[in-house]
Amino acid sequence: LLTGYLVIGAAFFRSIDDELAKASFTDIILFEFGTLATIGYGNISPTTDLSRMFCILYSIFGIPLILLTTANFGKFMTKGSYVYKVSTRFQPVARSKLSRDANMPLPVILLLFACTFYFGSKFIHHTGVRHSVDDIYFSFVSFTTVGFGDTLPVTDGVGRLCFTLLYLTWGIMLTTALFGVLNQYLRKVATSCRSSPTSLMFASPREVRSMLQDLDEIITTKNSKQGILPVQETTNFY
């Protein structure tokens, strides 16, 4: 579906914009993919009012489509990680617990990133200096959809174009998985910080009042179970 969307869009862009018609078909496809993936390399852009309006409508429907595509790839990765965890557990584990931990481990994601960067430096062509820091720089800027536009992919053929699009899709999906795992780690850190005794120093007056009320309820409940009457407040008239 995404492939057909890109091909039809490229043909329509070339028919309504003379400047885009001068570019090669592979460059138009790359322009569309960069737009829908929100990378935005900026080397090609619409020049007429009609093509710009079409680009807006094209992006409104295309961005969710490419997000759905990367999400489906991510589900396959998550399912593979889940199956691996289930198959390597010898003791019975609750299915709900495994489903919560279905994300790939952080070391695995980092290893895949290292392999991806190495693969990209060998087979992905770009306008920067090959076999240098530019290889990692181009991949990282593209995967995170920053897209400065100073280093661009080279797609001088249909085969290389397909190869580059698959590489970028894989990298974006891997980056999404990495950010998801890091988000879980940050949540755990935030939760542990909130539950630590030092968090009381940075609590607001409302939070302190709520803590004291909870503590009072705990003490009252425990005393009532032990048969200890609560201390009544007395008023000193003297």
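Because the structure is predicted, anything quoted here is derived from the model rather than measured.

The subject of this paragraph is the overall build of the chain. Counting its secondary structure elements, the chain contains nine helices and zero strands. Ordered by position from N to C terminus, the α and β elements of the chain give α-α-α-α-α-α-α-α-α. Pairs at least 24 apart in sequence give 64% of the contacts found in the chain among residues at least 6 apart. Carbon together with sulfur atoms contributes 67% to the accessible area of the chain, which is approximately 15900 Å² in total.

Here, the residues flagged by UniProt with the feature "transmembrane region" (unreviewed entry) are residues 20–41, 53–74, 104–124, 136–155 and 167–186. Along residues 20–41 one finds 68% helix and 0% strand; the C-alpha atoms at either end are 15 Å apart.

We describe a pair of aromatic rings using the distance from one ring centre to the other and the angle between the two ring planes. Here the structure, examined in full by the defined rule, presents 12 aromatic pairs. Between the aromatic rings of Y5 and Y58, the centroid separation amounts to 4.5 Å while the plane-to-plane angle is 15°, which identifies the pairing as stacked. With a gap of 53 residues between them, Y5 in helix α1 (residues 2–16) and Y58 in helix α4 (residues 49–88) connect regions that are remote in the sequence. Note on Y58: relative accessible area 6%, which makes it buried.

Within helix α7 (residues 133–143), burial applies to D135, F138, S139, V141, S142 and F143. Residue T145 follows α7 closely and has a positive phi angle near 55°.

All right, on to the side chain of T164 then. Within the secondary structure, T164 sits in helix α8 (residues 158–195). A distance of 2.8 Å separates a polar side-chain atom of T164 from the backbone oxygen of R160. Those residues within four positions of T164 in sequence are excluded, and the remaining contacts are I124, P153, V154 and T155.

Turning our eyes to something else, we now look at the pattern of salt bridges. Should their charged atoms come close, side chains of opposite charge can pair. If you walk through the whole model with that rule in mind, you get two salt bridges. For K22, the salt bridge identified is with E19, shortest N-O distance 3.5 Å. Here E19 and K22 lie together in helix α2 (residues 18–22), a separation of three residues that amounts to about one turn. Taking the relative accessible area as the measure of exposure, K22 reaches 65% and is therefore exposed. Note on E19: relative accessible area 43%, which makes it partly exposed. Of the charged contacts, one joins R160 and D156 as a salt bridge, the two residues approaching to 3.1 Å between their closest N and O atoms. Relative accessible area serves as the criterion here: at 30%, R160 is assigned to the partly exposed category.

We now examine a nonpolar patch on the surface. A cluster of nonpolar side chains, contributed by M53, I56, L57, I60 and F61, occupies part of the molecular surface with about 540 Å² of accessible area. Looking at the secondary structure, you find I60 in helix α4.

Looking at the secondary structure, you find T169 in helix α8. Along the chain, T169 and T70 lie 99 residues apart, while their C-alpha atoms are 6.7 Å from each other. There is a polar contact of 2.7 Å between the side chain of T169 and the backbone oxygen of L165.

Next up on the list: the nonpolar core. F13, F33 and F113 are the most contacted members of the largest nonpolar core, which totals 40 residues. Where this core is concerned, the elements lending two or more residues are α1, α3 (25–36), α4, α6 (106–123), α7 and α8. Of the residues forming this core, the biggest block, nine residues, is contributed by α8. If we ignore the near neighbours within four places in the chain, the residues touching F13 are L20, I28, F31, E32, S51, F54, C55 and Y58.

Here is what the cut-offs are and how they apply
- Residues numbered from 1 in each chain as written.
- Predicted model: local features only at pLDDT ≥ 70, side-chain atom pairs only at ≥ 80, totals over all residues.
- Heavy atoms only, no water.
- Helix = DSSP H or I, 4+ residues; strand = E, 2+ residues; numbered from the N terminus.
- Contact = heavy atoms within 4.5 Å.
- Areas by Shrake-Rupley, 256 points an atom, 1.4 Å probe, with all protein chains shown as cover.
- UniProt positions renumbered as here; feature names shortened; annotations may be inferred.
- Phe/Tyr/Trp six-rings, centres within 6.5 Å; stacked < 30°, edge-to-face > 60°.
- Buried < 20%, exposed > 50% of the residue type's maximum accessible area, 1.4 Å probe, protein only.
- Polar contact = N/O pair within 3.5 Å; in protein donor to acceptor, adjacent residues only side chain to side chain.
- Salt bridge = Lys/Arg side-chain N within 4 Å of Asp/Glu carboxyl O.
- Patch = residues over 30% accessible without salt bridge, like charges linked within 9 Å, V, L, I, M, F, W, Y side chains within 5 Å.
- Core = buried A, V, L, I, M, F, W, Y, C linked by side-chain atoms within 4.5 Å.

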